[in-house]
Amino acid sequence: MLSKKQQIIGLIICLVISFVVAAAGAVASIQAAEFYANMLQPQWSPPGWVFGPVWTVLYGMMALAAWLVWRLDGFIAARAALSLYLLQLVFNVLWSWLFFAWHLGALAFIDIVLLWVSILFTILSFRHHSKLAMYLLVPYLLWVSFAAVLNFSMWQLNPTILG
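> What should I look at first to understand the layout of surface pockets in this one?
Empty space among the atoms becomes apparent when a probe as large as a water molecule is rolled across them. Empty space within the largest pocket amounts to approximately 640 Å³. Looking at the largest pocket, it is lined by 28 residues, and the ones nearest its centre are Ser29, Phe51, Trp55, Trp95 and Phe100. Elements that contribute at least two residues to the lining of the largest pocket include exactly helix 1 (4-28), helix 2 (32-37), helix 3 (51-77), helix 4 (79-101), helix 5 (105-126) and helix 6 (131-157). Residues belonging to the lining of the largest pocket are distributed by class as follows: 20 nonpolar, eight polar and no charged. For the second largest pocket, the calculated volume is near 190 Å³. Surrounding the second largest pocket, Gly10, Ile13, Cys14, Ile17, Ala66, Trp70, Phe75, Leu82, Tyr85 and Leu86 form its lining. Among the elements that take part in the lining of the second largest pocket, helix 1 stands out by supplying four residues, more than any other. The residue inventory of the lining of the second largest pocket, partitioned by class, reads nine nonpolar, one polar and no charged.

Here you go:
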């Protein structure tokens, strides 16, 4: 059984990992607002200011989900689930670089599809450790589903920019 101190340290580590990934993506997205505003967009595209708050909440929920899995079963027993979690974080941060920094629409789309699949497998894996952790990742999967369609649409509407 983990002590309260160990649980708090574990939660802090999960939050730090999650928000380091967010920060790495933010570095790639420094010019994102201007870049996003200057592209042709589908009519259903949300305003740029929506993304920051949504991602902030999602990163917090992701960290909490990982912490719940770790807290309940430990890293050794949950190694596969937590490894999937870390893998999806890699795809997550890579997308920002591919789309916003390097303007590679096709590769960004491939990456976001891989991200979606890795989130799905993470959810299925978390289900065996904590139902709450599983449910905490569902909004993330839904948002990435929307983002994948938006990525594809933006890439198709802006082939010279996102070639």
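> Would you take a moment to explain the packing of helix 5 against helix 6 for this structure?
Helix packing geometry: the angle between the two helix axes and the distance between the axes. Where helix 5 meets helix 6, the closest approach of the two axes is 9 Å, and the angle between their N-to-C directions is 165°. The pairing of helix 5 with helix 6 is recorded here as roughly antiparallel in orientation. You can see that helix 5 and helix 6 cross each other, and the crossing is left-handed. Counted by class, the contact of helix 5 with helix 6 contains 21 nonpolar, four polar and no charged residues.

> What is the right way to read the packing of helix 1 against helix 4 from this model?
Following both chains from N to C, one finds helix 1 and helix 4 inclined at 15°, their axes separated by 8 Å at the closest point. Accordingly, the angle class assigned to the pair helix 1 and helix 4 is roughly parallel. The interaxial crossing formed by helix 1 with helix 4 has right-handed handedness. Across from Ile17, Ser18, Val21, Ala24, Gly25, Val27 and Ala28 in helix 1, the residues of helix 4 making contact are Tyr85, Leu86, Leu89, Asn92, Val93, Ser96, Trp97, Phe100 and Ala101. Tallied by class, residues from the contact of helix 1 with helix 4 come to 12 nonpolar, four polar and no charged.

What counts, and where the lines are drawn
- Residues numbered from 1 in each chain as written.
- Predicted model: local features only at pLDDT ≥ 70, side-chain atom pairs only at ≥ 80, totals over all residues.
- Heavy atoms only, no water.
- 1 Å grid on protein atoms, 1.4 Å probe; cavity = no way out; pocket = protein on both sides within 12 Å on 5 of 7 lines; lining within 4 Å.
- Points joined across faces, edges and corners; volume = space filled by probe spheres on them.
- Helix = DSSP H or I, 4+ residues; strand = E, 2+ residues; numbered from the N terminus.
- Nonpolar A, V, L, I, M, F, W, Y, C, P; charged D, E, K, R; others polar.
- Axes fitted to C-alpha atoms, helices over the stretch in contact; angles between N-to-C directions.
- Parallel < 35°, antiparallel > 145°, perpendicular 65-115°, else oblique.
- Left-handed = near helix turned anticlockwise from the far one by under 90°.
- Contact = heavy atoms within 4.5 Å.

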